[in-house]
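For reference, the chains in residue letters:
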There are 2 protein chains.
Amino acid sequence: MDVKTIILGFLSEGEMSGYDIKQAFSNSIGFFYDASFGAIYPALRKLEEEGLVTKQEIIQSGKPNKILYQITDSGKDLFYQEMASPIVPPILRSDMLVKIFFAGNRTVEEREELFANGLQMQKKLLENTKKAFAKMADSLDPYQTFCWKYTMNHLEMTIKFIEDQAPHLLKQ
Amino acid sequence: MDVKTIILGFLSEGEMSGYDIKQAFSNSIGFFYDASFGAIYPALRKLEEEGLVTKQEIIQSGKPNKILYQITDSGKDLFYQEMASPIVPPILRSDMLVKIFFAGNRTVEEREELFANGLQMQKKLLENTKKAFAKMADSLDPYQTFCWKYTMNHLEMTIKFIEDQAPHLLKQ
DNA sequence: TGGACCATGTAAGTAGTTACATGATTCG
DNA sequence: CGAATCATGTAACTACTTACATGGTCCA
């Protein structure tokens, strides 16, 4: 699953601008697949070249003009195909876990700080996710709600795991 | 945390070849940070250019010769600094969660298959992780063991979450 | 009045992946 | 006898991030 395919997914639910799509990434699926403007705009250009989306410029007053993108039938076909392809394993890059992995040679104070920082980051992430979910919950379908709950569950379990295990490790 | 820094981390514990380093990625931290040969060999070349590692060719009979890399004092300094830098949030790319997020428009059969596939993948991942852990457990320090247990805990929680929630979603 | 929001886009750089090239040995 | 292991490396490509460029509106 790449950025182009995910954009087709968003456009399946209605026309959107590049800016709208960035909002959708950040506010909806950012936890399990994020993308920057620098990935989204070039992806939209390629999708248009391939005939998977069409565009329409909207003249606005008081705001910059915007370009709305619509998915085409071949775009829908491709998205449908991608959705039916086998699930591939997740890719994770966790700075926290790498730092813990190599913590064996560090001082007790450094380890304490490491766990405190990790815990703080996870708690901040959970707090932000809960706030964002509260704002969106009404507009979500059951599958989208599942993803949000998965994220919150994951963060809660991570916090619990660190709080349970870290004292043991630091006592030794 | 990038591939170069993680290689310095491995070399802190003793000299290794590029091949050894690939093994260490795959067998130890692959779940939360993986890297390919095509990332490792160029990273080693850059580390040598920067004076952070030195190398030594070992002539072997019956096997291809290998090049062992050693970390230098400035390599150790840099690694130490990186380890003390603030933890940045994890980056995740989950094909499964994206597919679930967009499952709202699919048929009941397609959704059932999606959850079945997702569950199967997570179970396979857990099984592989448990087997690999059983082989390594003796040689791990408490911080490395923490990372393995974190991984297994995460996979178990994910499986439990899907098994609990999916029947609800599919009944509707 | 300063920051957040709306809005698009490019250039330069980073950081990889995948596939290819090579080839002996060892194990089941 | 075929697959896995050991072992290094490059070329072509993919896919992205970060920073820059621009500028009006709205709200506290």
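Everything here concerns the structure above.
Just so you know, these numbers come straight off a predicted model, no measurement behind them.

Draft legend 1. A look at helix α4 (residues 73-84) of chain B. All names here are of chain B. For α4, which comprises 12 residues, the first-to-last C-alpha distance of 17 Å matches the rise-based estimate of 16 Å (1.5 Å per residue) to within 8%. Within the sequence span of α4, burial applies to Gly 75, Phe 79 and Met 83. Burial along α4 is one-sided: seen end-on, the buried residues are contained in an arc of 70°. Across from the buried face of α4, at angles greater than 90 degrees, the exposed residues are Asp 73, Asp 77 and Gln 81.

Draft legend 2. Here's a closer look at the packing of aromatic side chains. Applying the stated rule across the entire model yields 26 aromatic pairs over all chains. Geometrically, the ring pair formed by A:Tyr19 and A:Phe37 is stacked, given 5.9 Å between the ring centres and 25° between the ring planes. Of the two residues, A:Tyr19 sits in helix α2 (residues 18-29) while A:Phe37 sits in helix α3 (residues 37-49), which places them 18 residues apart along the sequence. Pairing A:Phe115 with B:Phe146 gives two aromatic rings, centres 5.6 Å apart and planes at 75°, and the pair type is edge-to-face. Highlighted residues: A:Phe115 in helix α6 (residues 108-136) and B:Phe146 in helix α7 (residues 142-171), drawn from two different chains. Joined through ring pairs, the aromatic side chains of A:Phe10, A:Phe25, A:Phe32, A:Phe79, B:Phe101 and B:Phe102 make up one cluster.

Draft legend 3. Spatial organisation of the protein's contact with DNA strand C. As a matter of local geometry, DNA strand C sits amid 23 residues, with A:Tyr19, A:Gln60, A:Ile67, B:Ser36 and B:Gly62 nearest to it. Backbone atoms, meaning sugar plus phosphate, form 69% of the atoms of DNA strand C positioned within 4 Å of the protein. The side chain of A:Arg93 places a nitrogen or oxygen atom 3.0 Å from a phosphate oxygen of DNA strand C. Elements that contribute at least two residues to the surface near DNA strand C include exactly α2, α3 and β2 (66-71) of chain A together with α3 (37-49) of chain B.

Draft legend 4. Inspection of the packing of helix α1 (residues 3-11) of chain B against α4(B) at higher detail. Residues and elements named next belong to chain B. Following both chains from N to C, one finds α1 and α4 inclined at 115°, their axes separated by 10 Å at the closest point. As far as their axial angle goes, α4 and α1 are roughly perpendicular. By crossing handedness, the relation of α1 to α4 is classed as left-handed. Residues Thr 5, Leu 8 and Gly 9 of α1 form the contact with α4, whose participating residues are Gly 75, Leu 78, Phe 79 and Glu 82.

Draft legend 5. Representation of the relation of the copies chain A and chain B within the structure. Superposing chain A onto chain B takes a rotation of 180° combined with a translation of 0.0 Å along the rotation axis, leaving an RMSD of 0.0 Å. What the superposition gives is, in effect, a two-fold axis relating one chain to the other. Residues of chain A ranked by C-alpha distance from the rotation axis are headed by A:Leu92, positioned 2.3 Å from it. Most of the interface of chain A is mirrored in chain B, where 100% of its interface residues again form contacts.

Draft legend 6. View of the interface of chain A and chain B. Each partner contributes residues to the interface: chain A has 63 residues there, and chain B has 63 residues. Between chain A and chain B the total buried area reaches about 6500 Å² when both faces are included, carbon and sulfur atoms providing 72% of it. Considering only the side of chain A, the residues that lose the most area to chain B are A:Ile87, A:Phe101 and A:Tyr143, jointly responsible for 14% of the buried surface there. Joining chain A to chain B, the criterion identifies zero salt bridges. Applying the counting criterion to the chain A and chain B interface returns 23 residue pairs in polar contact (both at pLDDT 80 or more). Sorting the residues of the side of chain A that touches chain B by element identifies α1 (3-11), α2, α4 (73-84), β3 (91-93), α5 (95-101), α6 and α7 (142-171) of chain A as the ones contributing at least two each. A total of 16 residues in the side of chain A that touches chain B trace back to one element, the largest contributor, which is α7(A). Here the residues of the side of chain A that touches chain B sort into 39 nonpolar, 13 polar and 11 charged.

Draft legend 7. Just the protein's contact with DNA strand D, in detail. Near DNA strand D there are 22 residues, and of these A:Ser36, A:Gly62, B:Tyr19, B:Gln60 and B:Ile67 occur at the shortest range. Atoms of DNA strand D within 4 Å of the protein: sugar and phosphate make up 67%, bases the balance. Within the side chain of A:Ser36, an N or O atom sits 2.6 Å from a phosphate oxygen of DNA strand D. The contact in question runs from a phosphate oxygen of DNA strand D to an N or O atom on the side chain of B:Tyr41, over 3.0 Å. Secondary-structure elements contributing two or more residues to the surface near DNA strand D are α3 of chain A together with α2 (18-29), α3 and β2 (66-71) of chain B. Residues belonging to the surface near DNA strand D are distributed by class as follows: 10 nonpolar, nine polar and three charged.

The rules behind these values
- Residues numbered from 1 in each chain as written.
- Chains lettered and ligands numbered in written order.
- Predicted model: local features only at pLDDT ≥ 70, side-chain atom pairs only at ≥ 80, totals over all residues.
- Heavy atoms only, no water.
- Helix = DSSP H or I, 4+ residues; strand = E, 2+ residues; numbered from the N terminus.
- Expected span 1.5 Å × (residues − 1).
- Buried < 20%, exposed > 50% of the residue type's maximum accessible area, 1.4 Å probe, protein only.
- Arc of directions from axis to C-beta.
- Phe/Tyr/Trp six-rings, centres within 6.5 Å; stacked < 30°, edge-to-face > 60°.
- Near = heavy atom within 4 Å.
- Polar contact = N/O pair within 3.5 Å; in protein donor to acceptor, adjacent residues only side chain to side chain.
- Axes fitted to C-alpha atoms, helices over the stretch in contact; angles between N-to-C directions.
- Parallel < 35°, antiparallel > 145°, perpendicular 65-115°, else oblique.
- Left-handed = near helix turned anticlockwise from the far one by under 90°.
- Contact = heavy atoms within 4.5 Å.
- Least-squares fit on C-alpha atoms with pLDDT ≥ 70 in both.
- Buried area = accessible area lost by both parts, 1.4 Å probe.
- Salt bridge = Lys/Arg side-chain N within 4 Å of Asp/Glu carboxyl O.
- Nonpolar A, V, L, I, M, F, W, Y, C, P; charged D, E, K, R; others polar.

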